[in-house]
Amino acid sequence: MPEGHVVHRLAAAFTDHFVGHVLAASSPQGRFAEGAAAVDGHRLLAAEAWGKQMFLGFEGDLWLRVHLGMYGMWRFSGPGLAGIGRRTGKEAEQDEDGRPLPRGAVRLRLASNTHIGDLSGPTFCGIETPAEKAAATAAIGPDPLRPGARPGRAWDIISASKMSIGQLLMRQNVIGGIGNIYRAELLFRARIEPHKPGRDLTRAQFDALWRDARALLRDGVRDGAIITTRPQDRPAGTPVVGRRMRRDARSYVAFRNGEPCRICGTPIAMELMAGRKLYWCPTCQIR
DNA sequence: ATCCGATGTCAAT
DNA sequence: TTGACCTCGGATC
């Protein structure tokens with residue numbers, strides 16, 4: 001579910017609604033009882049997003065690191081959190097205190113007096129020391145959503161690599177936060193064929209990719225959805241913006257295997273690249 | 001009601 | 001390169 005924009009939205013939600021509060025932590029499902037106990041009753045001091053990883057900093061030099069992976073999600077309840085994470089569902093059952101019962105296998109519940117965040121299905125979830133947190137963030141490539149990110153680090157790797165730019169963009173140690181959809185859409189918008197070796201990109205091409213990544217990811221944070229099509233390239237009558245936009249109007253190439261390219265009409269191509277589906281337009285994108 | 005695929009990563013092979 | 005993880009939305013019946 002998440003590329004970097006989702007993680008940044010989540011971190012912002014924690015900053016707005018949980019930071020500054022003493023939190024009760026528990027593991028309804030039981031698999032994270034030890035970690036929950038470590039931060040239970042501690043005040044939350046910070047929430048940070050680095051690429052696809054989120055860090056919650058608690059009193060006592062404790063950092064909770066969460067990576068949602070493919071299935072992980074946060075489900076919130078409390079004021080001001082509509083549209084962040086999965087919906088609680090109005091039919092959610094409540095306990096005698098009016099709090100929503102954990103839905104499904106909730107690995108970690110963080111609760112203030114007013115808000116609840118339920119984490120389920122993360123690929124990683126653990127308590128780390130400041131040193132471990134620093135090591136984890138150091139291993140993440142520049143994140144286009146982070147002020148001060150240094151794209152030169154990514155360029156150094158890309159410009160020296162014979163690996164395809166399609167694969168390089170997916171590597172979190174090259175650029176943090178890009179996933180399969182942004183990868184495909186960025187390369188389409190830059191008109192770069194995904195199999196082009198990284199070292200064959202010009203600096204200008206890389207700079208354009210980086211600028212577009214910043215713009216698209218920021219839009220993603222704003223919209224809560226990945227929408228990369230320019231208005232003039234959407235099907236006529238595509239009504240709404242943002243999260244409510246029809247799925248089939250949101251992307252140029254992602255998930256559009258066999259459908260006509262919005263620019264030239266050529267059927268969109270798809271193949272497996274390093275185990276992930278890669279989509280591109282064989283005509284618009286050139287090596 | 002049921003099936004399938006998914007915006008990710010890692011370990012095992 | 002493949003399977004495991006583990007949950008949901010959306011498509012299909």
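Each remark here, short or long, concerns the structure printed above.
Quick caveat: nothing in here was measured; it's all calculated off a predicted structure.

(A) Structural view of the sheet that holds strand 6 (residues 106–111). Spatial strand order, 1-6-7-5: four strands in an open sheet with antiparallel pairing. Two strands close off the open sheet at either side, each with one partner strand: strand 1 (24–26) and strand 5 (73–77). Shown here is a sheet whose adjacent strand axes are inclined to one another by a mean of 15°, direction ignored.

(B) Quick peek at the pairing of strand 6. The buried count for strand 6 comes to six of six residues, which makes it a mostly enclosed element. Pairing geometry for strand 1 and strand 6, over three bridges, is antiparallel. Bridge assignment links Ala24 to a residue of strand 6, and that residue is Ala111. Relative to strand 7 (residues 116–120), strand 6 runs antiparallel, the two being bridged by five bridges. Residue pairing for strand 7: Val106 is matched across the bridge by Ser120. The turn joining strand 6 and strand 7, which pair antiparallel and follow one another in sequence, is formed by four residues.

(C) Spotlight on the state of the cysteines. In this structure the tally under the stated criterion is zero disulfides. A disulfide-free cysteine, Cys264 has its sulfur positioned 3.7 Å from the sulfur of Cys281, the nearest such atom. On the basis of relative accessible area, Cys281 is assigned to the buried category, the value being 0%.

(D) Structural view of the packing of aromatic side chains. Taken as a whole and assessed by the stated rule, the structure comprises eight aromatic pairs. Ring centres of Trp74 and Phe76 lie 6.1 Å apart, and the angle between their planes is 5°; on these two criteria the pair is classed as stacked. An identical accessibility class is assigned to Trp74 and Phe76; each is buried. With a centroid separation of 5.5 Å and 40° between ring planes, the pair formed by Trp155 and Phe206 is classed as tilted. A residue pair is termed long-range when its members are at least 10 positions apart, and Trp155 in helix 4 (residues 151–158) and Phe206 in helix 7 (residues 203–223) qualify at 51 residues.

Thresholds applied
- Residues numbered from 1 in each chain as written.
- Chains lettered and ligands numbered in written order.
- Predicted model: local features only at pLDDT ≥ 70, side-chain atom pairs only at ≥ 80, totals over all residues.
- Heavy atoms only, no water.
- Pairing = 2+ DSSP bridges.
- Helix = DSSP H or I, 4+ residues; strand = E, 2+ residues; numbered from the N terminus.
- Axes fitted to C-alpha atoms, helices over the stretch in contact; angles between N-to-C directions.
- Buried < 20%, exposed > 50% of the residue type's maximum accessible area, 1.4 Å probe, protein only.
- Disulfide = S-S within 2.5 Å.
- Phe/Tyr/Trp six-rings, centres within 6.5 Å; stacked < 30°, edge-to-face > 60°.

Purely geometric stuff here, so don't read any function into it on its own.
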